[in-house]
There are 4 protein chains.
Amino acid sequence: MSSQQLAIIAGVGSGTGASLARRFASKYTVILLARKPSSYQPVEKEINENGGKAHGISTDISNPESVKAAFEEILTKFPNASVQTAIFNASGMFVRKPLLDITMEDMDAGLGVSVRGALLFAQTVLPLLLNCPPSHQIPPSLFFTGSTAAIKANPTSAVMCVPRHGLRALAISAAKEFGPKGVHVVHVIVDGAIDTPWGQPFLRDKPLEERIDPEGIAQMYWDLHLQGRRGFTFEVDVRGMGERW
Amino acid sequence: MSSQQLAIIAGVGSGTGASLARRFASKYTVILLARKPSSYQPVEKEINENGGKAHGISTDISNPESVKAAFEEILTKFPNASVQTAIFNASGMFVRKPLLDITMEDMDAGLGVSVRGALLFAQTVLPLLLNCPPSHQIPPSLFFTGSTAAIKANPTSAVMCVPRHGLRALAISAAKEFGPKGVHVVHVIVDGAIDTPWGQPFLRDKPLEERIDPEGIAQMYWDLHLQGRRGFTFEVDVRGMGERW
Amino acid sequence: MSSQQLAIIAGVGSGTGASLARRFASKYTVILLARKPSSYQPVEKEINENGGKAHGISTDISNPESVKAAFEEILTKFPNASVQTAIFNASGMFVRKPLLDITMEDMDAGLGVSVRGALLFAQTVLPLLLNCPPSHQIPPSLFFTGSTAAIKANPTSAVMCVPRHGLRALAISAAKEFGPKGVHVVHVIVDGAIDTPWGQPFLRDKPLEERIDPEGIAQMYWDLHLQGRRGFTFEVDVRGMGERW
Amino acid sequence: MSSQQLAIIAGVGSGTGASLARRFASKYTVILLARKPSSYQPVEKEINENGGKAHGISTDISNPESVKAAFEEILTKFPNASVQTAIFNASGMFVRKPLLDITMEDMDAGLGVSVRGALLFAQTVLPLLLNCPPSHQIPPSLFFTGSTAAIKANPTSAVMCVPRHGLRALAISAAKEFGPKGVHVVHVIVDGAIDTPWGQPFLRDKPLEERIDPEGIAQMYWDLHLQGRRGFTFEVDVRGMGERW
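Here the structure is a predicted model, which is why all the values come from computation and not from measurement. (Residues numbered from 1 in each chain as written. Chains lettered and ligands numbered in written order. Predicted model: local features only at pLDDT ≥ 70, side-chain atom pairs only at ≥ 80, totals over all residues. Heavy atoms only, no water.)

Below, the discussion takes up the interface of chain C and chain B. Each side of the interface is counted separately: chain C has 34 residues, and chain B has 34 residues. When the two sides are added together, the surface that chain C and chain B hide from each other amounts to roughly 3100 Å², 72% of it contributed by carbon and sulfur. When the buried area of chain C at its contact with chain B is split by residue, Leu99(C), Leu100(C) and Met104(C) rank highest and sum to 21% of it. Measuring nitrogen to oxygen at the nearest pair gives 2.5 Å for the salt bridge that ties Arg116(B) to Asp108(C). Our enumeration of links across chain C and chain B arrives at 15 residue pairs in polar contact (both at pLDDT 80 or more). Breaking the side of chain C that touches chain B down by element, the ones donating at least two residues are helix H4 (104-130) and helix H5 (158-178) of chain C. (Contact = heavy atoms within 4.5 Å. Buried area = accessible area lost by both parts, 1.4 Å probe. Salt bridge = Lys/Arg side-chain N within 4 Å of Asp/Glu carboxyl O. Polar contact = N/O pair within 3.5 Å; in protein donor to acceptor, adjacent residues only side chain to side chain. Helix = DSSP H or I, 4+ residues; strand = E, 2+ residues; numbered from the N terminus.)

Here it is, written out as structure tokens:
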């Protein structure tokens, strides 16, 4: 279809990424990027079986060749499509460690996804977003999923807060450069524990109302995606009602 | 009606307040507070003529007796209603002045609305919001309209930035105290010139895309009002795509 | 003496204000402003007995007439003096209270000192600081003593954080307006409990190393006062080594 | 000498690093780390000729082996010395570039110094600082030289602001973890152009008073180094009096 519209989501597992995929599939063909097929296949299948369109691609977001190959596949498979939104939702495995115990591998792993991966993703999708035909009413958007570690640094959390601070700086810089060109860039600060299937063991002692609902997060991205050019939100936070912050 | 649901908006003129009134009137009976009837009457009339329900009350938000009288009128007129949301959208007339030219009256005027008024309003509506029956799916919410002056202070802008910084501190403190009690408190940073009827003389040289659309702002408040207890946003900014920030 | 140099300190009791008075008395004639003579008299006496020069004036810093009278006394008593530095160290009595228990008197008391008082003080001393002869090597400076409540708002702390946020906004605005005119404006964030005589009952359980040393604070003001025009610090924080922040 | 006290400075050229070396050489033996001998040799020579003690070591601060070798040389040459302060003053070559023109090499170069280098340096010196005998009156300190790019992100500045945001997060995390252990960690925000020999071509049009004096910066580090355990400053900014911020 010449008028096919895409939403590209990097970092799709069973949590926020899956909720984002479902939400944006209500209007767009969703492209799901994750390292392992097992991460995106369940939600890809679910969307395609429910009348939506989803297409997963195994991608290492911190690897230039892998990202390049993924986007070549997208452009080949959807040659006339416009990219309406792109969501960077990938994240490394963050561990709490005393500063003296952090290895360079720990830090590089975090930076590899949150900084290098985010930069690669932004540089690859921005030309596509800039090309999004102005006839579409909704401005093209680029989201970065961040966290409280992006604005607050705590002891034993350098492996988390250094890459997240960097990601936020990248997002702000991109928002200021591409906002005036019509691309809506958003940084989302998720503050607290998200209620995901894989997070259940850690959430056991956490009252339900302090666990953030991934469907609610996805709805927020959607609402922000619909904002017009005369009212861009750059940054939002989201937390459970009982969260201490 | 015993199940009547109210949205109380303080600071309703021809700009954001009117847009908020229209947006929330799609579901709620809207109570419009402004000092002069001429401020709220046009939108009150418009809503009532279009099938919604609006009720305006002349209120000086910085005056305890006036605020008390307004809420007595609300409770008398809508005895069994629940207050679903309350929006503090009032603002003093801010002037740019060199620091040495600021009079105590200038500063008191700003503080009178943005701090004293906001405190009065919050203290009056919070008990009503806490009483909002849990049967309603949407958590009760309390919004404060702020601006970039809440987070950034510039030369010759003390009359603006001092009250707005104070308002933001009040909002954060309220959010942390009442979030765990189920009331969703939000601070909105409007960054830039809003495209209002009364603002036209100042906006002449400003490209349309740098003027913030008040309908878009109102939609954002609405979207945030709909957030569930497991995903409260505390703070958002909104600006035109061309805004320098 | 025609070349007499003054340091004017508003808010002098037994804590930081007294330490500041002692420190600045090493070079300047210190003018000590406090509401009650009993607040400034001990340190005034101590300085004068130890070879320094101190002059106390009973002043209600939130009252325009009182501030006017104090400065008339200063200019009468020290007609040819230059004002080298001015320190706003006054503070209201802050109480922790649930938001719904805060009275307008509570809030006005905080605003009266931290906003109105700070504005009055700044407007009165800035013309004197601007007049400070350029022959003196050290640029004139204006300090505002703030606290963590200036940048962080907590539940039940609105009486503290609203005025302190406002004070900080005033300080930033002043720094940006008067820095280019050669006046060095500084905002100091004191984070934690200061080890003062009157604070002992509250400090009992606090390890010594978490109590901030007022002499250390005073030394910091002094160091910053000595900064040249090509290296102004606007903001510093200070906390005990064990402070959680 | 068994009681020799060291100040280790990473990133010593003709600017701030040289000023820091001179200032700390007034009391300590200064160890100067820089990639190229030509960077540290002039100031090393100057200090040694003027009665101070300086020792330069060619070190690539982003390279673990190189850092390891440098500290082995320090410990061999000064076996009984205590490390009193360590200053991370290194910085990559930052270029302004549109986001789409940034290469991964650009970003890695910035991260390599400001994040990886800072982490390596911190991890290597912190055990030495923790070992600093408590008999010395001055608490051991660890400084990180940052910039406005650490707290503000601008368009076309991602190569600068991403690593600097990360560095600041690392510094905050370290300050909170090691402050309670007695190590004073400081992050310095240099806002503006420093008046260095190598910066002259860029500074030509900049009035003298907007160029930051490196001697003033060095004095500030020194003042902060002298702070006692009951009054640690974590963050300061410094800017010329005419700087817009």
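Okay, back to it.
There is a patch of like positive charges on the surface, built from Lys152(A), Arg244(A), Lys152(C) and Arg244(C). One can find Arg244(A) in the segment after strand E9 (235-238). Judged by its relative accessible area of 77%, Arg244(A) is exposed. (Patch = residues over 30% accessible without salt bridge, like charges linked within 9 Å, V, L, I, M, F, W, Y side chains within 5 Å. Areas by Shrake-Rupley, 256 points an atom, 1.4 Å probe, with all protein chains shown as cover. Lys, Arg positive; Asp, Glu negative; His and termini not counted. Charge placed at Lys NZ, Arg CZ, Asp CG, Glu CD. Buried < 20%, exposed > 50% of the residue type's maximum accessible area, 1.4 Å probe, protein only.)

All names here are of chain B. Evaluated as defined, the whole model comprises 49 salt bridges over all chains. Across the salt bridge formed by Arg-22 and Glu-46, the nearest N and O atoms sit 2.7 Å from each other. On the criterion of sequence distance, the pair formed by Arg-22 in helix H1 (residues 16-24) and Glu-46 in helix H2 (residues 37-49) is long-range, its members being 24 residues apart. Judged by relative accessible area, which is 31%, Arg-22 ranks as partly exposed. A salt bridge links Lys-206 to Glu-210; its shortest N-O distance comes to 3.9 Å. Classification of Glu-210 as partly exposed rests on a relative accessible area of 22%.

We now examine the pairing of strand E4 (residues 82-88) of chain D. All names here are of chain D. Across the seven residues that make up E4, a large majority, seven, are buried. Two elements, strand E1 (residues 5-10) and E4, share six bridges in a ladder whose sense is parallel. Bridge pairing in E4 links Leu-6 to Val-83. Where E4 meets strand E5 (residues 141-147), four bridges bridge the pair, whose relative direction is parallel. By the bridge assignment, Phe-88 is partnered in E5 with Phe-144. (Pairing = 2+ DSSP bridges.)

There is a clear gap between chain A and chain C: no contact, and 9 Å between their nearest C-alpha atoms. Contact between chain B and chain D is absent, and the minimum C-alpha spacing across the pair is 9 Å.

What follows concerns the relation of the copies chain D and chain A. Of the two same-sequence chains, chain D is brought onto chain A (RMSD 0.0 Å, axial shift 0.0 Å) by a rotation of 180 degrees. The superposition operator between the copies reduces to a two-fold rotation axis. Both copies contact each other with a shared surface, as 100% of the interface residues of chain D are interface residues in chain A too. (Least-squares fit on C-alpha atoms with pLDDT ≥ 70 in both.)

Moving on to the environment of Pro207(C). Within the secondary structure, Pro207(C) is located in the loop between helix H6 (200-203) and strand E8 (211-212). Separated by 35 residues in sequence, Pro207(C) and Gly242(C) place their C-alpha atoms 8.5 Å apart.

This paragraph deals with the packing of aromatic side chains. Here the structure, examined in full by the defined rule, presents 28 aromatic pairs over all chains. Ring plane angle 50 degrees and centroid distance 5.1 Å describe the contact between Trp245(A) and Phe234(B), whose orientation is recorded as tilted. Pair noted here: Trp245(A) is in the segment after E9 and Phe234(B) is in the loop between helix H7 (214-225) and strand E9 (235-238), and the two residues belong to different chains. A residue is classified by how much of its surface remains accessible, and Trp245(A), at 26% relative accessible area, is partly exposed. Residue classification places Phe234(B) among the buried residues on the basis of a relative accessible area of 4%. For the ring pair Phe88(C) and Phe144(C), a centre distance of 6.3 Å and an interplane angle of 50 degrees mean the geometry is tilted. In this pair, Phe88(C) is assigned in strand E4 (residues 82-88) and Phe144(C) in strand E5 (residues 141-147), connecting sequence segments 56 residues apart. On the accessibility criterion, Phe88(C) (0% relative accessible area) is buried. By way of ring pairs, the aromatic residues Phe71(A), Phe88(A), Phe121(A) and Phe144(A) are connected into one cluster. The lysine or arginine in question, Lys181(A), covers the ring of Phe178(A), its NZ or CZ lying 5.2 Å from the ring centre. (Phe/Tyr/Trp six-rings, centres within 6.5 Å; stacked < 30°, edge-to-face > 60°. Lys NZ or Arg CZ within 6 Å of the ring centre and 35° of its normal.)

Functional significance is not addressed by these values, which are geometric in nature.
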